[in-house]
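# Examining the three-dimensional arrangement
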Amino acid sequence: MKRRIIILFCSLFIIVFSVYSVLPFIHSHQSTATVQKQFTQYLDQLFADWVSSDTVTLHYQLANPSNYHISLETLSLSNSYFIRTSDYEKELDKLHSFQNSKLNTSQKKTYHILEDYLTREKNLSKYPFYQTVFSPTTGLQAQLPVTLCEFPLRCEGDIRIYLSLLKEIPDYFQELYENEQEKSKQGLFYSDRILDQILGQMDSFISETTKNPLITSFPDRIHTLSLGNQKEQQYIHKNQNLILYTVLPAYQTLRNNLASLKNTGKNDLGLCYYDDGKKYYAALVASLTGSDATPKELITMTEQNLSECYKQLEEILYLYPDAYESFLNTKIEHYIPNSEKKTLDWLKKKLANDFPDISKVSHSIKTVPKCLEDYVSPAFYMLPSIDLYKNNTIYINRKQLTDLSSAYSVLAHEGYPGHLYQTAYFYEHMEHPILSLCNYEGYVEGWAVYAENLSYTFLDYGKYSSIIAQLYQINHILNLAIPSRIDLGVHYEGWDKKNVKQFLSGLGLEKEEISTDIFDSIVAEPGNYLSYYIGFLEILALKNDYMKIAQNTDKNLAFHQYFLANGPCDFSYLTSVLH
């Protein structure tokens, strides 16, 4: 079967290539209106094929697929529209068959973003077994339970689809394990230290049986559908049985299978110690950040920013020692409303002067299930459907965010003016839905960090208010810059634990456990900090350039309008639009 599929795939490739090789010639003789119409049709079809390649993506992305002429034909957890490097190359050939000069302004923008995104992902796809599926924070074992807990159940048909997907999990996990087996054979499997963290997380989830969040959250999720008590109870019973006798056993089997690969990891240091590790890391960083800067250039950027932060800190300590003392004794919860929901509403009102308006949207705050608290992020925002984006959800990990002082900046990051606000603006002004599938984490996470950093200036701390706000901002930046520099050092320059300890000691952070924890987390999740930090630095650079050339009276509002109006994309494009 595999061989026949490969032969068929090769035959199709030859035919497709032959057809596309003449398309530029055909398009060059077509009218501008015809080319523009065909380009829109191409984007529509690509979006339909791409978004429906797996069921979870489709149901999260679209509340009403039929409005996009999409029908659900097969259920799948594991299909991807793009798998091999050749898949990206073929799509780029299709895209390049359109004469860019005949497209309208909006289409030219979409053309560029799609071309850039596919190129970055193509470069990353050359290293399939270097990529990480399981990891302590962002790995599938941590993300899947929340994804299933939030799977949209808008009608009875969605319940049936959801229950059918649960039945697919054992086969899905088997495919994942086979991929890990191949990684192991190639010497690319996790070190035992990282594997033990992953296994421990899976054990925690498996240990939750009748109180498992996939069971306890289900009744409330379907109750609003007014199915009637008898039918509702039938679905509750089916869900519980599937979790207890299909999903949890599948987790246990996967856990045991992964454990069987212990001691096969050849490297417990950075990616650069693998044969193509540096090349993969460069491709990974380009994909995660949306920046065109090389790892070497990112190192220079990071070191310059670290130097600037410490210089500002030294100046404040010298000139305003009393302000620093006030900063150390400041509790943000004294300056904000007394609940998370009220704080989000308060943050939203703070956007009135310096941010463009968005339509009215709602938000709910949910709590991370206890069995996931130890390894899920402090908070996260669930992306809504593009055609139902006014309903938004933010999850709070109450084990990690224990009070409003710690939650404040996180709510700004996840809510206003961070992810929730940026997503609502993007979806409201999106020129074509294909853009929602081009995942530019550097733009998105960089903006959320920018929003979080800016939120410290929203508060009036009394005497020395502006200096205290600046100290919060410096502290925030350093908490991203330091691990980002270590990430680049570990994965590109080959730093080991000793190098990390020396680097931290030079910054006055000499505790052994700090260097060990940071080193382990960075080895486990390469590039994780860079999408946040480098995205933030790129935005600051853009803002600095914008302020120099802008003629607007209200430059902050104008900059935010410019940045948000372009939507998620690479930073080179944003720079080209600016100039």
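Keep in mind it's a predicted model, so treat the numbers as computed, not measured.

### Side note on the overall build of the chain
- When helices and strands are counted, the chain shows 25 helices and three strands.
- Along the first, second and third principal axes, the C-alpha set of the chain runs to 75 × 65 × 55 Å.
- Within the chain, buried positions represent 53% of all 579 residues.
- For the chain, long-range pairs separated by at least 24 residues make up 77% of all intrachain contacts whose partners lie at least 6 apart in sequence.
- As displayed, the chain offers around 26,700 Å² of accessible surface, 50% of which is attributable to carbon and sulfur atoms.
- Separation between the mean location of the 51 positive side-chain charges and that of the 66 negative ones in the chain comes to 3 Å.

### Some points on the nonpolar core
- Counting 189 residues, the largest nonpolar core has Leu114, Phe173, Ile486 and Phe563 as the members making the most contacts within it.
- The biggest single contributor to this core is helix 20 (residues 465–493), with 15 residues.
- Contact partners of Ile486, with chain neighbours within four places excluded, come to Trp495, Val500, Phe503, Leu504, Ile518 and Ile522.

### Section: the pattern of salt bridges
- Within the structure shown, the criterion is met by 15 salt bridges.
- Lys94 serves as the salt-bridge partner of Glu91, at 3.7 Å between the closest nitrogen and oxygen. Taken together, the residues Glu91 and Lys94, both in helix 5 (residues 85–96) and three residues apart, mark about one turn of the helix.
- Residue Glu91 is classed as buried on the basis of its relative accessible area, which comes to 3%.
- Note that Arg485 and Glu303 form a salt bridge whose closest N and O atoms lie 3.1 Å from each other. Placement of Arg485 in helix 20 and of Glu303 in helix 14 (residues 295–319) is noted, with a sequence separation of 182 residues between them.
- We classify Arg485 as buried; its relative accessible area is 4%.

### Notes on the pairing of strand 3 (residues 391–396)
- When you tally the buried positions in strand 3, you get five out of six residues, the bulk of the element.
- The pairing of strand 1 (residues 362–367) with strand 3 spans six bridges and is parallel. Among the inter-strand pairings, Ser362 is bridged to a residue of strand 3, identified as Asn391.
- By the bridge criterion, four bridges tie strand 2 (residues 379–382) to strand 3 in an arrangement that is antiparallel.

### Considering empty space enclosed by the protein
- Summed over all chains, the structure comprises three cavities of 30 Å³ or more.
- Thr132, Leu188, Leu271, Tyr274 and Val523 are, among the 19 residues lining the largest cavity, the residues nearest its centre.
- When grouped by side-chain class, the residues that make up the lining of the largest cavity number 13 nonpolar, five polar and one charged.
- Roughly 50 Å³ of volume is contained in the second largest cavity.
- Around the second largest cavity, the lining residues are Lys109, Phe426, His429, Met430, Glu431, Leu435, Leu564, Ala565, Asn566 and Gly567.
- Top element by residues in the lining of the second largest cavity is helix 24 (residues 555–566). It accounts for three residues.
- Class assignment for the residues of the lining of the second largest cavity results in five nonpolar, three polar and two charged.

### Concerning the environment of Asn64
- Along the chain, Asn64 falls in the loop between helix 4 (55–61) and helix 5.
- Taking the relative accessible area as the measure of exposure, Asn64 reaches 36% and is therefore partly exposed.
- For the pair Asn64 and Leu388, spaced 324 residues apart in sequence, the C-alpha to C-alpha distance is 8.7 Å.

### As for the side chain of Ser385
- Tracing the backbone through its elements, the reader meets Ser385 in the loop between strand 2 and strand 3.
- Residue classification places Ser385 among the buried residues on the basis of a relative accessible area of 4%.
- Within the structure, the side chain of Ser385 is placed 2.9 Å from the backbone oxygen of Tyr60, a separation counted as a polar contact.
- Ignoring anything within four residues of it in the chain, the contact list for Ser385 reads His59, Tyr60, Gln61, Leu62, Ala63, Arg154 and Tyr427.

### What to know about unusual backbone geometry
- The peptide bond linking Tyr416 to Pro417 adopts the cis configuration, its omega dihedral lying at 5 degrees.
- Phi is positive for Asn263, which is not a glycine, with a value near 75 degrees.
- With respect to the helices and strands, the residue Asn263 is situated in the loop between helix 12 (229–259) and helix 13 (277–289).
- A residue is classified by how much of its surface remains accessible, and Asn263, at 61% relative accessible area, is exposed.

### Some details on the sheet that holds strand 1
- Spatial strand order, 1-3-2: three strands in an open sheet with mixed pairing. Edge positions in the sheet fall to strand 1 and strand 2, since each has one partner strand and no second. The mean inter-strand angle of the sheet, taken between neighbouring strand axes irrespective of direction, is 20 degrees.
- Sitting on the sheet, helix 16 (residues 340–349) is in contact with strand 1 and strand 3, with an inclination near 145 degrees to strand 1.

### Let's talk about the layout of surface pockets
- The calculated volume of the second largest pocket comes to roughly 520 Å³.
- Surrounding the second largest pocket, 20 residues form its lining, Glu150, Pro152, Leu153, Lys366 and Thr393 being those nearest its centre.
- For the lining of the second largest pocket, the secondary structure elements donating two or more residues are helix 11 (218–223), strand 1 and strand 3.
- Per-element accounting of the lining of the second largest pocket gives the leading share, three residues, to strand 3.
- Its residues placed into classes, the lining of the second largest pocket shows nine nonpolar, six polar and five charged.

### Side note on helix 19 (residues 441–455)
- The end-to-end C-alpha distance of helix 19, which contains 15 residues, comes to 21 Å, matching closely the 21 Å that a straight helix rising 1.5 Å per residue would cover.
- Most of helix 19 sits inside the fold, with 13 of its 15 residues counted as buried.

### A few points about the environment of Ser80
- By secondary structure assignment, the location of Ser80 is in the loop between helix 4 and helix 5.
- You can call Ser80 partly exposed: its relative accessible area is 40%.
- Residues Ser80 and Thr57, spaced 23 residues apart in sequence, show a C-alpha to C-alpha distance of 9.7 Å.

### Some thoughts on a negative patch on the surface
- The grouping of Glu168, Asp171, Glu175 and Glu178 at the surface amounts to a negative patch.
- With respect to the secondary-structure elements, Glu168 resides in helix 8 (residues 156–185).

Cut-off values and rules
Residues numbered from 1 in each chain as written. Predicted model: local features only at pLDDT ≥ 70, side-chain atom pairs only at ≥ 80, totals over all residues. Heavy atoms only, no water. Helix = DSSP H or I, 4+ residues; strand = E, 2+ residues; numbered from the N terminus. Buried < 20%, exposed > 50% of the residue type's maximum accessible area, 1.4 Å probe, protein only. Contact = heavy atoms within 4.5 Å. Areas by Shrake-Rupley, 256 points an atom, 1.4 Å probe, with all protein chains shown as cover. Lys, Arg positive; Asp, Glu negative; His and termini not counted. Charge placed at Lys NZ, Arg CZ, Asp CG, Glu CD. Core = buried A, V, L, I, M, F, W, Y, C linked by side-chain atoms within 4.5 Å. Salt bridge = Lys/Arg side-chain N within 4 Å of Asp/Glu carboxyl O. Pairing = 2+ DSSP bridges. 1 Å grid on protein atoms, 1.4 Å probe; cavity = no way out; pocket = protein on both sides within 12 Å on 5 of 7 lines; lining within 4 Å. Points joined across faces, edges and corners; volume = space filled by probe spheres on them. Nonpolar A, V, L, I, M, F, W, Y, C, P; charged D, E, K, R; others polar. Polar contact = N/O pair within 3.5 Å; in protein donor to acceptor, adjacent residues only side chain to side chain. Axes fitted to C-alpha atoms, helices over the stretch in contact; angles between N-to-C directions. Expected span 1.5 Å × (residues − 1). Patch = residues over 30% accessible without salt bridge, like charges linked within 9 Å, V, L, I, M, F, W, Y side chains within 5 Å.

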